[in-house]
Amino acid sequence: MHGQFVWYELTTPDAEASKKFYPRFTGWGTQPFDKDYTMWTTGGVPFAGIFKLTDEMRQQGVPPNWMAYVEADDVDATVNKAKSLGATVVAGPGDIPNVGRYAVVIDPQGAAFGVYKSVRESGAWDGTPVVGRMSWHELMTKDHEAAFKFYSALFGWEKTGEMDMGDGNMYLMYGQGGKMYGGMFTQFGDMAGMHPFWLMYIHVKDVAKAVEIATKAGAQVHRPQMDIPGGSIAILGDPQGAGFAVHHESAPAAAAAQPAAKTASKKSAAKKSAPKAKTKAVAKKAAKPSPKAAAKKKASKKVSKKKAAKGASRPKARANKKAASKKAARPAARKRPGKKPAKKR
């Protein structure tokens, strides 16, 4: 459905190390796409990918990071609207034959995200918390009210709640059809002046165990475990420096628990401290590059998408400096004209 989160991509300097790190506490599996790209799976279904961060990209200021793709009914129309709203398109729109259409966009304040439409049923996340998938999508930005207007116009996201984190710093929650997708807030304190970025929360069975396992495997804790109404969260950085968070529900029967200030009650005092989990260290680890750096990254990435088993789609961006001078990076699948997409369904 238009506006749902449909795919995620980890860009990391050590893909092989990442393949060993995340499954330790997430239960994820891996499935090869080709010699350069591996997909993450949960329950045997691909939902994300791994792309290697090259030395060239690092020299351009690109950090290890996670990026999300949002489903669109019409990628071209969505991209044109994004541009009319002040966004910058740095890759696509482009086709992956028999798979889907994609684009990579930098929002007006500098945060990067992808847009994707599969030719088949996508398996996009509908907002229902599921262990093994992302369960919350949080945007730290320069002006959360302006950001919400942008994304609401683009994807039809609705404001589902808002709360005061203290000193007038507001945290806005958004979603669709009664389901909550995440939250967004304006940078403050030590975070002021940092590049806007999206932080993804992974839904795990037990945050404490996940943190223990992750730290033993080399992760850094940027925000220790904190209980919130209906669950618990923690924010970390993986051994290569990509920021992420973990979340669990303590009351599965309750209506959709929401990490980082996640609850139906706007007045909950416990929620006020959740977004403060964003420490300076977290922001530095998880932050996307500046608009210029991000543009260099995404415009130079060639994108390849495969249709996942059981209807899940899987876009991916690939680095290619020479393609940066062109209008958009070419998908990896089209770089190999004689090669058929692997394991397409």
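Everything here concerns the structure above.
Fair warning: this is a prediction, and the values are worked out from it, not measured in the lab.

## Some remarks on the sheet that holds strand E16 (residues 243-249)
(1) Moving on: The mixed open sheet is built from eight strands, whose spatial order is E10-E11-E12-E9-E13-E16-E15-E14. Since the sheet does not close on itself, it has two edges, and those belong to strand E10 (158-164) and strand E14 (220-228), each with one partner. Averaged over neighbouring strand pairs, the angle between their axes works out to 20° when direction is ignored.
(2) Moving on: Across three bridges, the pairing between strand E13 (residues 197-203) and E16 is parallel. Bridge assignment links Ile-202 to a residue of E16, and that residue is Val-246.
(3) Moving on: On the sheet, helix H5 (residues 144-155) packs against strand E9 (134-141), E10, strand E11 (170-176), strand E12 (179-186) and E13 and is oriented at approximately 145° with respect to E12.
(4) Moving on: The strands touched by helix H6 (residues 207-216) are E14, strand E15 (231-237) and E16; relative to E15, the strand with the most contacts, the crossing angle is about 15°.

## A few points about the packing of aromatic side chains
(1) Moving on: Under the definition given, this model contains 31 aromatic pairs.
(2) Moving on: With centroids separated by 5.1 Å and ring planes inclined at 70°, the aromatic side chains of Trp-28 and Phe-47 adopt a geometry described as edge-to-face. With a gap of 19 residues between them, Trp-28 in the loop between helix H2 (23-26) and strand E2 (29-34) and Phe-47 in strand E4 (residues 45-52) connect regions that are remote in the sequence.
(3) Moving on: Take Phe-47: its relative accessible area is 2%, and that puts it in the buried class.
(4) Moving on: With 6.5 Å between their ring centres and 85° between their planes, Tyr-174 and Tyr-181 make a pair best called edge-to-face.
(5) Moving on: Owing to a relative accessible area of 0%, Tyr-174 belongs among the buried residues under this scheme.

Cut-off values and rules
- Residues numbered from 1 in each chain as written.
- Predicted model: local features only at pLDDT ≥ 70, side-chain atom pairs only at ≥ 80, totals over all residues.
- Heavy atoms only, no water.
- Pairing = 2+ DSSP bridges.
- Helix = DSSP H or I, 4+ residues; strand = E, 2+ residues; numbered from the N terminus.
- Axes fitted to C-alpha atoms, helices over the stretch in contact; angles between N-to-C directions.
- Contact = heavy atoms within 4.5 Å.
- Phe/Tyr/Trp six-rings, centres within 6.5 Å; stacked < 30°, edge-to-face > 60°.
- Buried < 20%, exposed > 50% of the residue type's maximum accessible area, 1.4 Å probe, protein only.

All quantities given are derived from atomic positions and should not be read as evidence of function.
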